[in-house]
Amino acid sequence: MLEVVLFGAPQIKLDGRSLPHLTGKKAPALFYYLAVTRRILTRDTLASLFWADVESTVAKKNLRDVLPLLRYSVGDYLLITNHTIAFNPEQESSVDVEQFCAILEEAGAETSVAALRTALDLYRGEFLEGFYIDDAPRFEEWVLWQRDRLQRLAIEGL
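The following refers to the structure shown. Keep in mind the model is a prediction, meaning the values are calculated, not measured.

Reading guide: rules and limits
- Residues numbered from 1 in each chain as written.
- Predicted model: local features only at pLDDT ≥ 70, side-chain atom pairs only at ≥ 80, totals over all residues.
- Heavy atoms only, no water.
- Axes fitted to C-alpha atoms, helices over the stretch in contact; angles between N-to-C directions.
- Helix = DSSP H or I, 4+ residues; strand = E, 2+ residues; numbered from the N terminus.
- Parallel < 35°, antiparallel > 145°, perpendicular 65-115°, else oblique.
- Contact = heavy atoms within 4.5 Å.
- Nonpolar A, V, L, I, M, F, W, Y, C, P; charged D, E, K, R; others polar.
- Pairing = 2+ DSSP bridges.
- Core = buried A, V, L, I, M, F, W, Y, C linked by side-chain atoms within 4.5 Å.
- Buried < 20%, exposed > 50% of the residue type's maximum accessible area, 1.4 Å probe, protein only.

## Quick notes on the packing of helix α2 (residues 43-50) against helix α3 (residues 56-74)
When two helices pack together, their arrangement is given by the angle between their axes and by how far apart the axes lie. Interaxial distance between α2 and α3 falls to 9 Å at its minimum, and their mutual angle equals 100°. One element, α2, and the other, α3, form an angle in the roughly perpendicular class. For the pair α2 and α3, contact is made by R43, D44, L46 and A47 and by A59, K60, L63, R64, L67 and R71, respectively. Broken down by class, the residue content of the contact of α2 with α3 amounts to five nonpolar, no polar and five charged.

## Some points on the pairing of strand β6 (residues 84-87)
In the sheet, strand β4 (residues 41-42) pairs with β6 via two bridges, with the strands oriented antiparallel. Residue pairing across strands places T42 opposite T84, the latter belonging to β6. In the sheet, strand β5 (residues 78-80) pairs with β6 via three bridges, with the strands oriented antiparallel. Each residue of the ladder has a partner; that of L78, found in β6, is F87.

## Side note on the nonpolar core
Formed by 52 residues in total, the largest nonpolar core has its most connected members in F31, L46, F50, L70, F100 and F139. Going through the elements one at a time, β1 (2-5), α1 (26-37), α2, α3, β6, α4 (96-104), α5 (113-122) and α6 (137-157) are the ones with two or more residues in this core. Among the elements that take part in this core, α1 stands out by supplying nine residues, more than any other. What F139 contacts, discounting residues up to four positions off in sequence, is A29, Y33, L49, F50, L128, F131 and I133.

As structure tokens, then:
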């Protein structure tokens, strides 16, 4: 099973072991983005998200260069076609942000203290704490927006 921890320092574990081959910044960032958004995204969209400052053909080539590393590290957990990339919902996985949001976004007066505590225990630090990409401003904007949204959810949960 794949475990993705995005609160605090990000970690990806497969069957309890860290994935050391997922190196660099763009490959893990792309994986984190797909794990959180859970949307089927076009290659064009992802290329412009991570390589906005270069021409489209170069951005697409850069994305193609990153995909073999992702396939090697987490292949079955991604659905990669010639036109789209997505997180595979069929594979067993655990994403702390997803669990946190599932409880707190639906929380109401009937939500138990135990459920709230379970969600809040997942919040071990800010979203992608210490993880930055200098040359991907659109990705960084998304990270900042997520940090703010998740922090507000945590405060409401408290």
